[in-house]
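# A look at the structure
Chain by chain, the residues run as shown.
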Amino acid sequence: MFGDDPFDPKNLNGSPTSLFPDFSQYAPHGVHWIPPIDFYETDSEVVVIAEVPGVKPEDISISFDKGKLTIKGVKSRVSSMRGLSYYCFERTFGSFVRTFPVVSPVHKSKIAATFDNGTLTIKLPKKKTERA
């Protein structure tokens, strides 16, 4: 086996397009990708930072309802990639939805989001509470 040309079609285990096994059957149904998130709280705000490289700002929606922050988006596949024979395909495309409970009372009307170089930052200013 060593010394065989890995790119020779007879060594591709019956797959004419990939040297790598297809593990897509093990992915959760309907889930294309899940962007990594940092979610934390300071004295004055709740902050969510999401890594969404390749997603356009106009393809992201943010909502806050009944104490839950929801981030939805879609990363589209580049049309020039269709019809190619891949040796490796690891980048992910498709839609995502992330929802987080926010337990601190926040000013819904003051929620702000920024998008910079594939990083989405959402700041939810906390309401001041009176202490006894």
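Everything that follows concerns the structure shown earlier in this document.
Residues numbered from 1 in each chain as written. Predicted model: local features only at pLDDT ≥ 70, side-chain atom pairs only at ≥ 80, totals over all residues. Heavy atoms only, no water.

### Structural notes on the environment of Phe-39
Residue placement: Phe-39 occurs in strand S1 (residues 37-41). C-alpha separation for the pair Phe-39 and Phe-100, spaced 61 residues apart in sequence, amounts to 8.6 Å. (Helix = DSSP H or I, 4+ residues; strand = E, 2+ residues; numbered from the N terminus.)

### Focus: the pattern of salt bridges
Using the criterion set out here, one finds one salt bridge in the structure. The partner of Lys-126 in a salt bridge is Glu-41, and the shortest N-O contact between them spans 2.6 Å. In this pair, Lys-126 is assigned in the segment after strand S7 (119-125) and Glu-41 in strand S1, connecting sequence segments 85 residues apart. (Salt bridge = Lys/Arg side-chain N within 4 Å of Asp/Glu carboxyl O.)

### As for the side chain of Thr-121
Locating Thr-121 in the fold gives a position in strand S7. Every residue in contact with Thr-121, bar those within four places of it in the chain, is listed here: Val-47, Val-48, Ile-49, Ala-112, Ala-113 and Thr-114. (Contact = heavy atoms within 4.5 Å.)

### A word on the pairing of strand S4 (residues 68-75)
Pairing analysis gives six bridges linking strand S3 (residues 60-65) to S4, with the strands arranged antiparallel. What sits directly across from Asp-65, in S4, is Lys-68. Where S3 hands over to S4, the hairpin turn is made up of two residues, of which Lys-66 adopts a positive phi near 50°. Sheet analysis places S4 next to strand S5 (residues 94-101), joined by eight bridges and oriented antiparallel. Counterpart to Thr-70 in the pairing with S5 is Thr-99. (Pairing = 2+ DSSP bridges.)

### A few points about the sheet that holds S4
The sheet built from three strands is open, its strands ordered S3-S4-S5 with antiparallel pairing. Both edges of this open sheet fall to S3 and S5, since each of them pairs with a single strand only. The sheet shows a mean angle of 10° between the axes of neighbouring strands, direction not considered. (Axes fitted to C-alpha atoms, helices over the stretch in contact; angles between N-to-C directions.)

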